[in-house]
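Overview (structure and organization)
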Amino acid sequence: VKGAGKGLVGLALKPAAGMLDLASRTMEGFANTFEYVEDARGATHERASDPHERMRLPRMLYGQEGAIYPYSNDAAVARIVLQSLRAGVYLREPLLLCKMLSEGEVVLLTANRLLLAATKDHRCHRHYPLHVISSVARGSNERTVLLSLRPASNVRRSPAAADSQAEPGGA
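Heads up: these notes are all about the structure in this document. Small disclaimer: the values here were computed from a predicted structure and weren't measured.

**With respect to the pattern of salt bridges**
- Per the counting criterion, the structure on display carries two salt bridges.
- Across the salt bridge formed by D21 and R25, the nearest N and O atoms sit 3.4 Å from each other. Of the two residues, D21 and R25 both sit in helix α1 (residues 2–41), four residues apart, roughly one turn of that helix.
- The exposure class assigned to D21 is partly exposed, which follows from its relative accessible area of 39%.
- Relative accessible area serves as the criterion here: at 58%, R25 is assigned to the exposed category.
- Two residues, R113 and E93, come together in a salt bridge whose shortest N-O distance is 2.6 Å. Taken together, the residues span a long stretch of sequence, with R113 in strand β5 (residues 113–118) and E93 in the loop between α2 (73–84) and β3 (95–101) at a distance of 20 residues. Residue R113 shares its accessibility class with E93, and that shared class is buried.

This is the structure:
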């Protein structure tokens, strides 16, 4: 008799408890959804104040047809640097090489110029049009490159060359 009474009470209470649990978890889901929407709007999100803020830099598109290669952060930094110089004119030049340096800088080689830029603010520190470089040699250690520049009298001046008062030495 004692077990039958527990069974009858359980028969009535278990479904009621399940319904209350369903209602509770549904309301919890709604609350989490509203918190997520607030985070996306930047109300309580610590990382981003703009929900459209990029997680990574835009990828580099190669050539006239805008070919896409696997994502490379080095090439993405190169794209930002080339886009920031002369209103993006240099972005039309084919990118031949992009190498990150340990000092927070990036070296870019395009079909027409050699650039050294900061990775933090993407500003160009050195700009060498290729027509002013007479030779490139490895320095005394593996991290040094020596550029020999043509004498100023042999260099034809261009708007790009006027921007770069380059000094011979390491890049």
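From this point, the narrative continues.
**Describing the sheet that holds strand β4 (residues 105–110)**
- Strand order across the open sheet formed by four strands is β3-β4-β5-β6, with antiparallel pairing between neighbours. The open sheet has two free edges, formed respectively by β3 and β6 (124–129), since each of these has just one partner strand. With strand direction ignored, the average angle separating the axes of adjacent strands in the sheet is 10°.
- Summarising the sheet, β5 and β6 pair through five bridges and their orientation is antiparallel. In the strand pairing of β6, L115 is matched with H127.

**Regarding the side chain of E93**
- According to the relative accessible area criterion, E93 is buried, its value standing at 10%.
- Polar contacts involving the side chain of E93 include one to the side chain of R113, which spans 2.6 Å.
- In contact with E93, other than residues within four places in its own chain, are T110, N112 and R113.

Rules behind the numbers
- Residues numbered from 1 in each chain as written.
- Predicted model: local features only at pLDDT ≥ 70, side-chain atom pairs only at ≥ 80, totals over all residues.
- Heavy atoms only, no water.
- Salt bridge = Lys/Arg side-chain N within 4 Å of Asp/Glu carboxyl O.
- Helix = DSSP H or I, 4+ residues; strand = E, 2+ residues; numbered from the N terminus.
- Buried < 20%, exposed > 50% of the residue type's maximum accessible area, 1.4 Å probe, protein only.
- Pairing = 2+ DSSP bridges.
- Axes fitted to C-alpha atoms, helices over the stretch in contact; angles between N-to-C directions.
- Polar contact = N/O pair within 3.5 Å; in protein donor to acceptor, adjacent residues only side chain to side chain.
- Contact = heavy atoms within 4.5 Å.

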